[in-house]
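# Geometric and topological summary
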Amino acid sequence: MMFSVDREAGRLDDVIERSFHDLDVLERYDLQEWVIEKPRILGEELLIVTSEFQNFVHTRERLDVLALDPAGKLVVVELKRDKADETTDLQAIKYASYCATLTAQDVQEEYRKFHRKRTDSPMPPEDVGDRFISFLDEPDEPFTIDEEGWAEFELDDRPRILLAAGEFGREITAPVIWLTREFGMEITCIRVDAYEHQDRVLLNSRQIIPTPEVEEYLTRRQEKERRQSETRRGRTINALLDSGALESGQQVVYNPDQVPKSIDREYDPLNEFWQAEVTGNTGQSNNVRWLHNGKTYSFTGLTKELLNELIDRDRGLALNGYNYWIQPDYDRTLADLRDEPVRAE
């Protein structure tokens with residue numbers, strides 16, 4: 001029940017609950033637009049990537065809203081203005097499987113296309129990258145920006161599902177509870193109630209699944225899985241060492257494709273200025289030794305130092321150092337080897 005209080009008159013009035021149908025609220029042109037404008041309707045902070053998304057292979061189906069949460073998870077949002085029909089959950093699971101193949105750059109490109117069309121204004125990649133970096137939770141390692149301006153971040157490959165509707169029947173709640181408890185799927189059900197008062201439509205949203213007890217259990221379980229995943233995957237330097245792509249004492253050379261134009265120093269891969277030696281250490285700033293001065297750095301720190309010496313580049317500017325160094329045995333950048341590890345013979 002909801003009430004309106006007129007404090008001056010000392011009167012308490014009922015606020016009438018209504019269905020979206022009775023209020024002539026449309027699913028796509030009203031409810032969906034409200035979610036895009038105010039994602040907090042869904043009970044959490046979300047960055048809206050796009051709506052009516054249909055860039056799926058071999059199908060023209062569209063999902064209602066695609067969003068990103070601060071942890072870097074895609075959120076597939078399905079909206080029903082009144083009662084969710086019995087296939088809403090299956091529909092959303094299907095869309096989540098489609099979205100699992102999207103990369104961080106794919107998501108940013110979709111964001112750019114969608115919001116540029118809505119605002120009818122230019123939106124360069126660097127503006128999009130900055131928007132994503134400002135929204136996402138701060139990672140253990142600083143964010144980097146690629147050469148085109150896109151933000152480089154870890155996009156979780158298991159999208160969440162968020163179902164929002166005026167009502168949920170047991171044909172939805174039973175399988176959702178089962179999937180969340182038994183298989184750890186992240187599915188949230190938000191009930192959106194509509195009220196009419198003084199010629200205004202009032203909305204109230206509340207999470208009905210998972211319940212606080214189930215959510216606490218799932219949070220603990222997901223945290224355990226995250227720690228196990230991080231232990232297996234580790235940071236980039238750990239992954240490169242574990243796969244055998246790098247080893248202690250190995251020399252790497254600066255990527256000639258990343259040499260700034262119009263510099264006084266000639267690029268020579270045999271010159272110690274352009275060479276570094278892997279230490280085998282996995283700390284924050286002791287992964288590689290620059291042969292030019294004998295000091296140890298992270299790969300990102302070394303790259304910033306080298307570029308600062310060459311062109312007085314600000315060390316505070318973001319970059320991904322693993323794009324700037326090549327493993328000579330494979331003639332590939334360390335970033336490439338991180339994404340497609342190769343075990344040394």
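Quick caveat: nothing in here was measured; it's all calculated off a predicted structure. (Residues numbered from 1 in each chain as written. Predicted model: local features only at pLDDT ≥ 70, side-chain atom pairs only at ≥ 80, totals over all residues. Heavy atoms only, no water.)

## Some thoughts on the overall build of the protein
Tallying secondary structure elements over the protein gives nine helices and 16 strands in all. Taking 20 Å as the expected radius of gyration for a compact globule of 345 residues, we find that the protein reaches 25 Å, considerably beyond that expectation. When the backbone C-alpha atoms are referred to their principal axes, the protein occupies close to 80 × 45 × 45 Å. Expressed as a percentage of its 345 residues, the buried residues of the protein come to 43%. Across the protein, contacts joining residues at least 24 apart in sequence account for 55% of those joining residues at least 6 apart. Accessible surface computed for the protein: about 19300 Å², of which carbon and sulfur atoms make up 44%. Of the side chains in the protein, 44 bear a positive and 71 a negative charge, and the two mean positions are spaced by 3 Å. (Helix = DSSP H or I, 4+ residues; strand = E, 2+ residues; numbered from the N terminus. Rg over C-alpha atoms; globule rule 2.2 N^0.38 Å. Buried < 20%, exposed > 50% of the residue type's maximum accessible area, 1.4 Å probe, protein only. Contact = heavy atoms within 4.5 Å. Areas by Shrake-Rupley, 256 points an atom, 1.4 Å probe, with all protein chains shown as cover. Lys, Arg positive; Asp, Glu negative; His and termini not counted. Charge placed at Lys NZ, Arg CZ, Asp CG, Glu CD.)

## Some points on the packing of aromatic side chains
Tallied over the full model, the rule gives 12 aromatic pairs. Between the aromatic rings of Phe 132 and Phe 153, the centroid separation amounts to 6.0 Å while the plane-to-plane angle is 25°, which identifies the pairing as stacked. Linking Phe 132 in helix H4 (residues 125-135) with Phe 153 in the loop between strand E7 (151-152) and strand E8 (160-167), this pair joins segments that are 21 residues apart in sequence. Judged on exposure class, the residue Phe 132 and its partner Phe 153 are both buried. Clustering of aromatic rings is evident, with ring pairs tying together Tyr 254, Tyr 267, Phe 273, Trp 274, Trp 290, Tyr 297, Tyr 324 and Trp 325. Over the aromatic face of Phe 273 sits the side chain of Arg 265, whose NZ or CZ is 3.8 Å from the ring centroid. (Phe/Tyr/Trp six-rings, centres within 6.5 Å; stacked < 30°, edge-to-face > 60°. Lys NZ or Arg CZ within 6 Å of the ring centre and 35° of its normal.)

## Describing the sheet that holds strand E12 (residues 275-278)
Spatial ordering of the open sheet is given by E14-E13-E12-E11-E15-E16, a layout of six strands whose pairing is antiparallel. Each edge of the open sheet carries a strand with a single partner, namely strand E14 (296-297) and strand E16 (332-333). Relative to strand E13 (residues 288-290), E12 runs antiparallel, the two being bridged by three bridges. When the sheet's bridge partners are listed, Glu 277 is paired in E13 with Arg 289. Packing of helix H8 (residues 299-311) onto the sheet brings it into contact with strand E11 (251-254), E12, E13, E14 and strand E15 (325-327), and relative to E13 it is tilted by some 15°. (Pairing = 2+ DSSP bridges. Axes fitted to C-alpha atoms, helices over the stretch in contact; angles between N-to-C directions.)

## Notes on the side chain of Asp 64
Along the polypeptide, Asp 64 turns up in strand E4 (residues 63-68). In this structure Asp 64 is buried but unpaired, with Lys 80 as the nearest side chain of opposite charge at 5.5 Å. When sequence neighbours within four positions are dropped, the list of residues in contact with Asp 64 reads Gln 32, Thr 50, Ser 51, Glu 52, Val 77, Glu 78 and Leu 79. (Salt bridge = Lys/Arg side-chain N within 4 Å of Asp/Glu carboxyl O.)

## Points about the confidence of the model for the protein
Put simply, the protein has an average pLDDT of 88, and 91% of its residues get 70 or more. When the criterion is pLDDT under 50, residues 229-234 qualifies, and its contacts beyond four places in sequence or with other chains add up to five contacts. (pLDDT = per-residue confidence, 0-100.)

## Topic: the packing of helix H2 (residues 88-99) against helix H5 (residues 170-183)
Following both chains from N to C, one finds H2 and H5 inclined at 45°, their axes separated by 9 Å at the closest point. The pairing of H2 with H5 is recorded here as oblique in orientation. Contact residues: H2 offers Thr 88, Asp 89 and Ile 93, while H5 offers Glu 171, Ile 172, Pro 175, Val 176 and Leu 179. Class assignment of the residues belonging to the contact of H2 with H5 gives a composition of five nonpolar, one polar and two charged. (Parallel < 35°, antiparallel > 145°, perpendicular 65-115°, else oblique. Nonpolar A, V, L, I, M, F, W, Y, C, P; charged D, E, K, R; others polar.)

## Here's the deal with the environment of Ile 161
Structurally, Ile 161 is set in strand E8. With 74 residues separating them along the chain, Ile 161 and Arg 235 place their C-alpha atoms 28 Å apart. Beyond its immediate stretch of four places on either side in the chain, Ile 161 contacts Val 76, Ala 92, Ile 93, Ala 96, Met 185, Glu 186, Ile 187 and Thr 188.

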